[in-house]
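Read off the chains here:
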Number of protein chains: 2
Amino acid sequence: MNLEAVAKRARVSTATVSRVLNNLDVVKPATRARVMKAVADLNYYPNLNARSLAGGKNRTLGMIASNLENPFFFDVFRTLEADAHARGYELVAANTGYNPEQLLNSVRLMIGRRVGGLAVIVSEMEPDLILELERSNIPVVFYDVGIVKPKISNIRVNYRRGIEEVVKYLHGLGHRKLAFIGHHSTLGPTSEREKTFTDTAPSYEGTEYRTVVNQDGPDGGREAARELLDSGYRPTAIICVNDFMALGVLRELRERGMRVPEDVSVTGFDDITLAEYCYPALTTVHIPRDRIGHLVFEALTADSDRASATGHEVVVEPELVVRQSTAPAGVPQ
Amino acid sequence: MNLEAVAKRARVSTATVSRVLNNLDVVKPATRARVMKAVADLNYYPNLNARSLAGGKNRTLGMIASNLENPFFFDVFRTLEADAHARGYELVAANTGYNPEQLLNSVRLMIGRRVGGLAVIVSEMEPDLILELERSNIPVVFYDVGIVKPKISNIRVNYRRGIEEVVKYLHGLGHRKLAFIGHHSTLGPTSEREKTFTDTAPSYEGTEYRTVVNQDGPDGGREAARELLDSGYRPTAIICVNDFMALGVLRELRERGMRVPEDVSVTGFDDITLAEYCYPALTTVHIPRDRIGHLVFEALTADSDRASATGHEVVVEPELVVRQSTAPAGVPQ
DNA sequence: TTGAAAGCGGTACCAG
DNA sequence: CTGGTACCGCTTTCAA
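From a predicted model like this one, the values you see are computed outputs, not experimental measurements.

1. Some thoughts on the overall build of chain A
So, point 1. Looking only at helices and strands, chain A features 14 helices and 12 strands.
So, point 2. The principal-axis extent of the C-alpha atoms belonging to chain A is close to 90 × 40 × 30 Å.
So, point 3. The burial tally for chain A puts 55% of its 333 residues in the buried class.
So, point 4. Total accessible area computed for chain A in this model is approximately 13900 Å², and 49% of it derives from carbon and sulfur atoms.
So, point 5. Treating the 39 positive side-chain charges of chain A as one cloud and the 42 negative ones as another, the clouds have centres 9 Å apart.

Take a look at the structure:
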């Protein structure tokens, strides 16, 4: 089923069918109607591969995420997709599972597809990546990779401030024995959070801390908490790199009979919906994922002449959200 | 950057470059090496659109899901993707948000892309869908749509048995006032669960029940629980259509000061990872999502001559998993 | 307003 | 083992 079949049935040329299908309003209404009918009769749908090959354009955007299972990434995906659909774009997503090799793979695939724009929302990184992306000449937006080059935009979240607020808040509650639970990632948001933590914690006198990492997700969080507690260290507050991992921490604590927040306070990061649904509801730092999604879409579809030509950077400010998983530190043991 | 550029640089024809890129081992090692070098030098990546246009083949599979945010769908996606990658396929996903219109859209898009196979894992349905899919001549696998046609496979879960076991189990615990919380969907798995419930419940003497539906997800679950309880009805056990919604039910109960499972028992369905992480851990029905993912992949890539040519059906058996959210019914109020 | 035809970047068949 | 070349299905001048 192709253009020619439709053309034949409508007694016009393929060029005209193409015009109708692309809404080039130069076609005589009568002709247009005839074509439309043929299209409907034949149940015809254009071959998108041929279309983007011939047109050199592509109304398909790509998004590569580290872990779509983590609601943080998914929420960005969701709003990006909504924006895309609203403006007649399509979005294809790829998951790297924090695997740098897979990241490179996905990027090449997206380039191979000649997507109209590519959002790289990942925590891991690959050296060759930036270079290849630059050469590809595709509009790209990174999330939290500190590189701004022509055609490459950047959206960052002020993690530093987020973590600082958490530490300050906990310190204000009297917590002096802290722990940080993070996840593996070569570079990017995560390590920035961790680094900020190890930078900040010591600035408060008399504060002890320890750090442990594991994979992203409830399982990883639980495992990390287990390792932390098995070491004998007894923090009064545990700061998690994100809410998704905090879920696992809460569980481990619960199973050990440690009460939250009476015995130990726990904080997350991101403010995913689940943060409100777990028990106890999680004190966390809100990151406006919908705003990020919108920004990504804009950056990807901006006129290549202006902003994107230079590559711009936007910083998003996070905000502390206090719920039930934190409380004043108890009497030191 | 195209084949010709590479060919020129390697001093061979485009045909040879193509052979090298496709591992047709008829190329002399020396030549192959030269081509490889040119490819590397030029940082060349084949245009996938052109490739599938010319080749008529497509190593890209598609998966359409109702709600990728629901871990059930995501888990299927994950294993399908893993299988695909392992065998050199790619997977593009689309989300319908339970919207039939969006479903049709996505299907057309996938057909437009001429994907090599399409998995339709959704709860909603569109009349035109089956027809269009059939004409497309693309291998298709449905999840729980009771239609088997040539080239269309079907994977079903024996929901009926799952629900029956839940009801029987709860009845054994003495529960006589039940409630079912489901989500909207025109047809498919969900309504089958609900139907099974309304079929089964009355078969136990003295059993009362009520049903309420809302959107999928914790928010919807919470809202449904709210509506249920606001009506004045006081079930001793609430059966949720899936774990994702049960999360919200647990929260609403908690906020109303109703203890689970002392005051009311709650069950989920699917056995997502989160079911173990919520509080209390959820009694649910396990569905082997990895197995489903594998089955989907197989069905999509099976030799079109055999099985898929006829279209086959596989039934997966679920299994009750008892955790902490259920207990014997207390004294009637 | 419409048609003819030249690509877009590959693949695959046919020679050599 | 390698090159020439006819498409794949659609977009886009260029003419008419």
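2. Observations regarding the packing of aromatic side chains
So, point 1. Going through the model one piece at a time under the given rule, you end up with 15 aromatic pairs over all chains.
So, point 2. Between Y89 of chain A and F297 of chain A, the aromatic rings sit 5.8 Å apart at their centres with planes inclined by 85°, giving edge-to-face as the arrangement. Taken together, the residues span a long stretch of sequence, with Y89 of chain A in the loop between α5 (71–86) and β2 (90–95) and F297 of chain A in helix α13 (residues 289–301) at a distance of 208 residues. The pair formed by Y89 of chain A and F297 of chain A is uniform in burial state, with each residue classed as buried.
So, point 3. With centroids separated by 5.0 Å and ring planes inclined at 15°, the aromatic side chains of Y279 of chain A and Y279 of chain B adopt a geometry described as stacked. Of this pair, Y279 of chain A sits in the loop between α12 (274–277) and β10 (284–286) while Y279 of chain B sits in the loop between α12 (274–277) and β10 (284–286), on two different chains.
So, point 4. The partly exposed category is assigned to Y279 of chain A, whose relative accessible area is 38%.
So, point 5. By the ring-pair criterion, three or more aromatic residues cluster together here, those being F72, F73 and Y143 of chain A.
So, point 6. The cationic tip of R251 of chain B hangs over the ring face of Y277 of chain A; the distance from NZ or CZ to the ring centre is 4.7 Å.

3. Quick notes on the side chain of T267 of chain A
Residue and element names in this part refer to chain A.
So, point 1. Tracing the sequence through the fold places T267 in strand β9 (residues 265–267).
So, point 2. The buried category is assigned to T267, whose relative accessible area is 1%.
So, point 3. If we ignore the near neighbours within four places in the chain, the residues touching T267 are V166, L170, I238, I239, C240, A246, T283 and T326.

4. Details of the relation of the copies chain B and chain A
So, point 1. Mapping chain B onto chain A is achieved by rotating through 180° and translating by 0.1 Å along the same axis, at an RMSD of 0.1 Å. The transformation just described matches what one would write down for a two-fold rotation axis. Among all C-alpha atoms of chain B, that of N49 of chain B lies closest to the rotation axis, at 2.2 Å.

5. Let's talk about the protein's contact with DNA strand D
So, point 1. Taken together, the neighbourhood of DNA strand D is formed by 27 residues, with L3, S18 and Y44 of chain A together with R19 and T31 of chain B sitting nearest.
So, point 2. Within 4 Å of the protein, the atoms of DNA strand D are drawn from sugar and phosphate moieties in a proportion of 67%.
So, point 3. A distance of 2.5 Å separates a base oxygen of DNA strand D from a polar atom in the side chain of R19 of chain B.
So, point 4. Counted by class, the surface near DNA strand D contains 12 nonpolar, nine polar and six charged residues.

6. Things to note about unusual backbone geometry
So, point 1. Cis geometry marks the peptide bond from V260 of chain A to P261 of chain A; its omega dihedral reads 5°.
So, point 2. Here P261 of chain A is to be found in the loop between α11 (243–255) and β9.
So, point 3. With an omega dihedral of -5°, the bond running from Y279 of chain A to P280 of chain A counts as a cis peptide bond.
So, point 4. Its identity is not glycine, yet N43 of chain A carries a phi of approximately 55°, on the positive side.
So, point 5. As for its placement among the helices and strands, N43 of chain A is situated in the loop between α3 (29–42) and α4 (48–55).
So, point 6. Despite not being glycine, D270 of chain B has its phi angle at roughly 120°, a positive value.
So, point 7. As for its position among the elements, D270 of chain B is in the loop between β9 (265–267) and α12.

7. Here's the deal with the protein's contact with DNA strand C
So, point 1. Near DNA strand C there are 27 residues, and of these R19 and T31 of chain A together with L3, S18 and Y44 of chain B occur at the shortest range.
So, point 2. Take the atoms of DNA strand C that sit within 4 Å of the protein: sugar and phosphate atoms are 67% of them.
So, point 3. Y44 of chain B places a side-chain nitrogen or oxygen 2.4 Å from a phosphate oxygen of DNA strand C.
So, point 4. K57 of chain B places a polar side-chain atom, nitrogen or oxygen, 3.3 Å from a phosphate oxygen of DNA strand C.
So, point 5. Broken down by secondary-structure element, the contributors of at least two residues to the surface near DNA strand C are α2 (14–21) and α4 of chain A together with α2 (14–21) and α4 (48–55) of chain B.
So, point 6. In terms of residue count, α4 of chain B provides more of the surface near DNA strand C than any other element does, five residues in total.
So, point 7. Class assignment for the residues of the surface near DNA strand C results in 13 nonpolar, eight polar and six charged.

8. Remarks on the sheet that holds strand β8 (residues 237–240) of chain B
All names here are of chain B.
So, point 1. Taking strand neighbours across the sheet as the criterion, the four strands line up as β7-β6-β8-β9 in an open arrangement whose pairing is parallel. Of all the strands in the sheet, just β7 (208–214) and β9 have a single pairing partner and so form its edges. Each strand axis lies, on average, 20° off the axis of its neighbour in the sheet, ignoring direction.

9. Considerations on the domain arrangement of chain A
So, point 1. For chain A, the assigned domains read domain 1 (3–46), domain 2 (60–157 + 288–318) and domain 3 (159–286).
So, point 2. Using C-alpha coordinates to define each centre, domain 1 of chain A is positioned 36 Å away from domain 2 of chain A.

10. So, the pairing of strand β2 (residues 90–95) of chain B
Residue and element names in this part refer to chain B.
So, point 1. Most of β2 sits out of view: five of its six residues are buried.
So, point 2. Relative to β2, strand β1 (residues 60–65) is paired through six bridges, and the arrangement is parallel. Within β2, the position partnered with M63 by the bridge is A93.
So, point 3. Handedness of the crossover joining β1 and β2 through helix α5 (residues 71–86) is recorded here as right-handed.

11. Regarding the interface of chain B and chain A
So, point 1. Across the boundary between the two partners, chain B contributes 47 residues, which contact 47 residues of chain A.
So, point 2. With both chains or domains summed, chain B and chain A bury close to 4400 Å², and 53% of this area falls on carbon and sulfur atoms.
So, point 3. Interface area lost by chain B to chain A is led by Y45, N49 and Y277 of chain B, which between them contribute 17%.
So, point 4. In this structure, the connection of chain B to chain A is made through four salt bridges.
So, point 5. Here chain B and chain A share 23 residue pairs in polar contact (both at pLDDT 80 or more) between them.
So, point 6. In terms of residue class, the side of chain B that touches chain A is made up of 19 nonpolar, 12 polar and 16 charged.

12. Observations concerning the packing of α5 of chain A against α13 of chain A
Residue and element names in this part refer to chain A.
So, point 1. Two numbers describe how α5 lies on α13: the axes approach to 8 Å, and their chain directions differ by 45°. Classed by the angle they form, the pair α5 and α13 counts as oblique. Where α5 crosses over α13, the two elements pack in a sense that is right-handed. Between α5 and α13, the contacting residues are P71, F72, D75, V76, T79, L80, D83 and A84 on the first element and R289, D290, I292, G293, H294, V296 and F297 on the second.

Here is what the cut-offs are and how they apply
- Residues numbered from 1 in each chain as written.
- Chains lettered and ligands numbered in written order.
- Predicted model: local features only at pLDDT ≥ 70, side-chain atom pairs only at ≥ 80, totals over all residues.
- Heavy atoms only, no water.
- Helix = DSSP H or I, 4+ residues; strand = E, 2+ residues; numbered from the N terminus.
- Buried < 20%, exposed > 50% of the residue type's maximum accessible area, 1.4 Å probe, protein only.
- Areas by Shrake-Rupley, 256 points an atom, 1.4 Å probe, with all protein chains shown as cover.
- Lys, Arg positive; Asp, Glu negative; His and termini not counted.
- Charge placed at Lys NZ, Arg CZ, Asp CG, Glu CD.
- Phe/Tyr/Trp six-rings, centres within 6.5 Å; stacked < 30°, edge-to-face > 60°.
- Lys NZ or Arg CZ within 6 Å of the ring centre and 35° of its normal.
- Contact = heavy atoms within 4.5 Å.
- Least-squares fit on C-alpha atoms with pLDDT ≥ 70 in both.
- Near = heavy atom within 4 Å.
- Polar contact = N/O pair within 3.5 Å; in protein donor to acceptor, adjacent residues only side chain to side chain.
- Nonpolar A, V, L, I, M, F, W, Y, C, P; charged D, E, K, R; others polar.
- Pairing = 2+ DSSP bridges.
- Axes fitted to C-alpha atoms, helices over the stretch in contact; angles between N-to-C directions.
- Domains from an automatic or database assignment.
- Right-handed = clockwise from strand over helix to strand, strands pointing away.
- Buried area = accessible area lost by both parts, 1.4 Å probe.
- Salt bridge = Lys/Arg side-chain N within 4 Å of Asp/Glu carboxyl O.
- Parallel < 35°, antiparallel > 145°, perpendicular 65-115°, else oblique.
- Left-handed = near helix turned anticlockwise from the far one by under 90°.

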